[in-house]
Amino acid sequence: SVKKTKEQYLSILWARFQELACYVVECLTKYGICVIDKFLGEATGQEILKEVLQLKASGVMRQGQLVHGPSSSSNKYIRGDMITWVDGLEPRSENIHYLISCMDAVVVQCASKLKAYTINERTKAMVACYPGHRTKYVRHVDNPNGDGRCITCIYYLNKNWDVKQHGGLLRIYPEGSDQVANIEPKFDRLLFFWSDRRNPHEVEQAFVERFAITVWYYDAEERAEALKRFKAESDVTSLKKQAVPLNTLKKSE
Ligand SMILES: O=C(O)CCC(=O)Nc1cc2ccccc2cn1
Ligand SMILES: [Mn+2]
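How each quantity is defined
- Residues numbered from 1 in each chain as written.
- Chains lettered and ligands numbered in written order.
- Predicted model: local features only at pLDDT ≥ 70, side-chain atom pairs only at ≥ 80, totals over all residues.
- Heavy atoms only, no water.
- Donors = N, O, S within 2.8 Å, 3.2 Å for Na, K, Ca; no water.
- Helix = DSSP H or I, 4+ residues; strand = E, 2+ residues; numbered from the N terminus.
- Buried < 20%, exposed > 50% of the residue type's maximum accessible area, 1.4 Å probe, protein only.
- Expected span 1.5 Å × (residues − 1).
- Axes fitted to C-alpha atoms, helices over the stretch in contact; angles between N-to-C directions.
- Parallel < 35°, antiparallel > 145°, perpendicular 65-115°, else oblique.
- Left-handed = near helix turned anticlockwise from the far one by under 90°.
- Contact = heavy atoms within 4.5 Å.
- Nonpolar A, V, L, I, M, F, W, Y, C, P; charged D, E, K, R; others polar.

Let's shift gears to the coordination of the manganese ion (ligand 2). At this site the manganese ion (ligand 2) is bound by H140 (NE2), D142 (OD) and H201 (NE2), with donor distances of 2.1 to 2.2 Å. As a motif over one chain, the donors of the manganese ion (ligand 2) read H-x1-D-x58-H. One end of the pair, H140, is in strand β6 (residues 135-140); the other, H201, is in strand β11 (residues 201-206), with 61 residues separating them in the sequence. Summarising the burial analysis for this pair, H140 and H201 share the class buried.

Next up, the structure:
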């Protein structure tokens, strides 16, 4: 019956995410970075790309604002990405929602193996487009001051990407090492890295459109600390609003 096959499908998916999680935890622990290729397969990746292109066509994507900078023309020389935040429940976003659920399913399995963290929340998904014409993102740290984010998870959507022609290479400079990680923003590629000062990174100038979907996962303890600190400084509800509990593919579902 259909129900049977759906349950079988989900249990196969769940077993695969358990396997992936072991690899992710091993890589993160050893290198602080982990790349998984062919995460969802050609067809699903294609559907997600279609939904992202629709988002772009709908005009909701805005110039990425610097966290602490006024919006000025110089921004595009610091970060040229156009972004929009989605929770995947928007109309015509079923495949983006599926991607986020799969990211959550892998991270939930990792969480139980990452003793140093308690990961139970994440941001919404940030859909980013570098419009090309030499837009880039200067070297930065995602979470330099302990705002609670511990893992950055990026899914790339760029078919037949060739860095030599198209640019857009993500370069990560792991702290304390003279090695640089050069990550090509390849289609259906999933990337994890620690969000803190261990992983300064930059996006080299892109000559053609470059799409990615990013989710940041919170460590409960660091997040609680940050909220306490922010309570003194600003309206905490805005920060509270940003956190989403992980929507995992329940085994029983
Ligand atoms: O697309 C990539 O390969 C990575 C791009 C990247 O680092 N994006 C990014 C985007 C951000 C948006 C808001 C706040 C912090 C942010 C930090 N990093
Ligand atoms: Mn970043």
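Let us keep going from here.
The terminal C-alpha atoms of helix α4 (residues 94-111), which comprises 18 residues, lie 25 Å apart, in line with the 26 Å expected from a rise of 1.5 Å per residue. Across the 18 residues that make up α4, a large majority, 13, are buried.

For the rest of this paragraph, the subject is the packing of helix α1 (residues 2-31) against α4. When two helices pack together, their arrangement is given by the angle between the helix axes and the distance between those axes. In the contact formed by α1 and α4, the axes pass within 8 Å of each other and the chain directions differ by 55°. Classified by the angle between their axes, α1 and α4 sit oblique to one another. For the element pair α1 and α4, the recorded crossing hand is right-handed. Here Y9, L13, W14, F17, Q18, L20, A21, V24 and V25 of α1 come into contact with α4, specifically with Y98, C102, A105, V106, Q109 and C110. Looking at the contact of α1 with α4, its residues break down into 13 nonpolar, two polar and no charged.

Let us now look at the environment of S195. Here S195 shows up in the loop between β10 (189-194) and β11. Note on S195: relative accessible area 1%, which makes it buried. Linking S195 and G168, residues 27 residues apart in sequence, is a C-alpha distance of 20 Å. If we ignore the near neighbours within four places in the chain, the residues touching S195 are V141, D142, N143, R149, C150, I151, T152 and W216.

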